[in-house]
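Below are the chains, spelled out letter by letter.
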Amino acid sequence: MESAFPPEYHEKIFRVFERLQKAKIKGTGIGLAIVKKGVERMEGSAGVESGPPRTGSLFWVELKGAKANL
């Protein structure tokens, strides 16, 4: 089964000015890069998990010392 966007793009979308759907969605392509850089400065990490087409993607942030509120 094919994912919403291929794994080779999972890191690429966190780079400044990178966008996967340039014609369909407005934006500059810097939002995710800012999030990742800020999280990394707090010694954390950010990433994405992509499901099958039309099921969406899960973007996550982990911060050092943060406890999950389940």
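Our structure's up above, just so we're on the same page.
Each value, and the rule that gives it
For every chain, the first residue of the written sequence is number 1, and numbering continues from 1 onward in sequence order. Restriction of local features to residues with pLDDT of at least 70 applies here, the model being predicted, together with a cutoff of 80 or more for giving and counting side-chain atom pairs; totals for whole chains, interfaces and linings are based on all residues. Water and hydrogen atoms were dropped before computing side-chain values, which therefore reflect all heavy atoms in the structure. Helix and strand assignments follow DSSP, with helices taken as H or I runs no shorter than four residues and strands as E runs no shorter than two, numbered in order from the N terminus. Residue exposure (1.4 Å probe, protein chains only): buried if accessible area is under 20% of the type maximum, exposed if over 50%, otherwise partly exposed. Throughout, a contact is declared for two residues whenever any of their heavy atoms are within 4.5 Å. Computed with the Shrake-Rupley method and a 1.4 Å probe, the accessible areas treat only the protein chains shown as cover for residues. Distance thresholds for patches are 9 Å for like charges and 5 Å for nonpolar side chains (Val, Leu, Ile, Met, Phe, Trp, Tyr), applied to residues having over 30% relative accessible area and no salt bridge. Salt bridges are counted wherever a side-chain nitrogen of Lys or Arg sits within 4 Å of a carboxyl oxygen of Asp or Glu. Two strands are counted as paired when DSSP detects at least two bridges linking them.

**Q** So what about the overall build of the protein chain? Which residues, and what values?
**A** The number of helices and strands found in the protein chain is 1 helix and 2 strands. The N-to-C order of helical and strand elements in the protein chain reads α-β-β. By residue count, 21% of the 70 residues in the protein chain fall in the buried class. Here the analysis covers contacts within the protein chain between residues at least 6 apart in sequence; of these, 37% occur between residues at least 24 apart. When the accessible surface of the protein chain is summed, it comes to about 5,800 Å², and 56% of that surface belongs to carbon and sulfur atoms.

**Q** Please give an account of a nonpolar patch on the surface that cites residues and values.
**A** Judged by side-chain polarity, Val35, Met42, Val61 and Leu63 come together as a nonpolar surface patch covering roughly 330 Å² of accessible area. In this fold, Met42 is placed in the loop between helix 1 (31-41) and strand 1 (45-50).

**Q** Pulling in residues and values, what's your account of the pairing of strand 2 (residues 57-62)?
**A** Pairing between strand 1 and strand 2: 6 bridges, direction antiparallel. Residue Ser45 lies in a different strand from strand 2, and its bridge partner there is Glu62. The loop that links strand 1 with its antiparallel partner strand 2 comprises 6 residues; one of these, Arg54, has a positive phi angle of about 70 degrees.

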